[in-house]
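Chain and residue survey
Each chain, letter by letter, is given below.
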Amino acid sequence: MANPADLATIALLQGLTPGELEELARAARFQHFEADAVVLNRQSDCRGVYLVLEGAVDVVNFSAQGREIAYARLKAGDFFGELSAIDGEPRSANVVAQCPCRIAVVPRESFHDLLRRRPDVAFRVLQKMARIIRTADERIMDLATLGAHSRVCVELLRLAKPDPVGSQGYLIYPLPTQAEIAALASTTRETVARVIGQLLEANLVRKVNKTIYIDDKIKLSAVAQRLDPRRTEHETC
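Each value, and the rule that gives it
Residues numbered from 1 in each chain as written. Predicted model: local features only at pLDDT ≥ 70, side-chain atom pairs only at ≥ 80, totals over all residues. Heavy atoms only, no water. Helix = DSSP H or I, 4+ residues; strand = E, 2+ residues; numbered from the N terminus. Buried < 20%, exposed > 50% of the residue type's maximum accessible area, 1.4 Å probe, protein only. Contact = heavy atoms within 4.5 Å. Lys, Arg positive; Asp, Glu negative; His and termini not counted. Charge placed at Lys NZ, Arg CZ, Asp CG, Glu CD. Pairing = 2+ DSSP bridges. Axes fitted to C-alpha atoms, helices over the stretch in contact; angles between N-to-C directions. Phe/Tyr/Trp six-rings, centres within 6.5 Å; stacked < 30°, edge-to-face > 60°. Lys NZ or Arg CZ within 6 Å of the ring centre and 35° of its normal. Salt bridge = Lys/Arg side-chain N within 4 Å of Asp/Glu carboxyl O.

To continue, consider the overall build of the protein chain. Looking only at helices and strands, the protein chain features nine helices and twelve strands. Across its three principal directions, the C-alpha atoms of the protein chain cover 60 × 45 × 30 Å. Out of the 237 residues in the protein chain, the part that is buried amounts to 43%. Relative to all contacts within the protein chain whose residues are 6 or more apart in sequence, the contacts with residues 24 or more apart total 70%. Charged side chains in the protein chain number 31 positive and 30 negative. The centres of these two groups are separated by 3 Å.

The next thing to look at is the sheet that holds strand β9 (residues 161–162). Pairing within the open sheet is antiparallel, and its four strands lie in the order β9-β10-β12-β11. Strands with a single pairing partner mark the edges of an open sheet, and in this sheet they are β9 and β11 (206–208). Bridge count for strand β10 (residues 170–172) against strand β12 (residues 211–214) is three bridges, and the pairing is antiparallel. When the sheet's bridge partners are listed, I172 is paired in β12 with I212. In the packing of helix α5 (residues 148–159) onto the sheet, the strands contacted are β9, β10 and β12, and the crossing angle to β10 comes to about 105°.

Relative to strand β7 (residues 94–97), strand β2 (residues 38–40) runs antiparallel, the two sharing two bridges. The residue of β7 that forms the bridge with V38 is V96. When strand β4 (residues 56–62) meets β7, the two strands line up antiparallel, connected through four bridges. Paired with V60 across the two strands is N94, which belongs to β7.

What the rule picks out here adds up to one aromatic pair. With centroids separated by 5.0 Å and ring planes inclined at 20°, the aromatic side chains of Y50 and F80 adopt a geometry described as stacked. Here F80 lies in strand β6 (residues 79–80) and Y50 lies in strand β3 (residues 49–54), a separation of 30 residues in the sequence. Assigned by exposure class, Y50 and F80 land together as buried. Between the NZ or CZ atom of K128 and the centre of the ring of F79, over which it lies, the distance is 4.2 Å.

The pairing of strands in a sheet comes from backbone hydrogen bonds and takes either a parallel or an antiparallel form. With antiparallel pairing, four strands are arranged side by side in an open sheet as β1-β8-β3-β6. Where the open sheet ends on each side, the last strands, each with one partner, are β1 (29–33) and β6.

Bringing the environment of L51 into the picture now. In this structure, L51 sits in strand β3. By relative accessible area, L51 is classed as buried at 2%. Distance from L51 to A104, taken between C-alpha atoms, is 5.0 Å for residues 53 residues apart in sequence. Beyond its immediate sequence surroundings of up to four residues, L51 is in contact with L7, I10, L13, D78, F79, R102, I103, A104 and V106.

Let us look at the pattern of salt bridges. The full count for this structure, using the stated rule, is 17 salt bridges. Linking E20 and R118 is a salt bridge whose minimum nitrogen-to-oxygen distance equals 2.8 Å. In this pair, E20 is assigned in helix α1 (residues 18–27) and R118 in the loop between α3 (108–117) and α4 (119–145), connecting sequence segments 98 residues apart. According to the relative accessible area criterion, E20 is buried, its value standing at 15%. Note that E155 is salt-bridged to R158, the shortest N-O span being 2.7 Å. Highlighted residues: E155 and R158, both in helix α5, separated by three residues, approximately one helical turn. Overall, E155 belongs to the buried group, its relative accessible area being 4%. Residue R158 is classed as partly exposed on the basis of its relative accessible area, which comes to 30%. Salt bridges linked by common partners bring E20, D113, R117, R118, D120 and R124 together as one network.

Laid out in structure tokens, this is it:
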């Protein structure tokens, strides 16, 4: 059994007593994964809940043409696999280690017991599901109404965080690879390279090493909405 204190780093389990953490640790299976290793396959029969103790994982899927579609990147303290743990249905996505990571797998039965005993934990699961639904709604709307160029701009805006040095601008650091941005925007790496090049040329963004700076987020958002989705899709997809 691993150290129960490891489980205390998981946001879902905040507030559990030492005894409850020890019980979960006794039931859980602790695993290590190297970068790019498959942590969870859609075809897996496991219905447990996965807790990210160290490292980070990417939740991804693949289109019929083999294009990778990224759903989320989960870091230490996050959890995944709760949907199948709740309804017993097959997994909805694959999960791949983004870097070396350590994972604890809590059996479905132990997870159910925890939800019954701890309403605060159950409520955190509901909060995550609400976030998933909202994100899915946004992405469906993007795919239905925006062209590939616009979707790349929108993903850059989603990735942008306030510049910590105190300016009014935003930045993306570390900058994901073009392939990672393409997976988020449901387009190709070539399209991402073209769009970023155009934004740099138009002075809408600045790139310094592994950081992209956005001085005027509102202006970039307006540019994203103005692009003609039909022309863009025809030219780039």
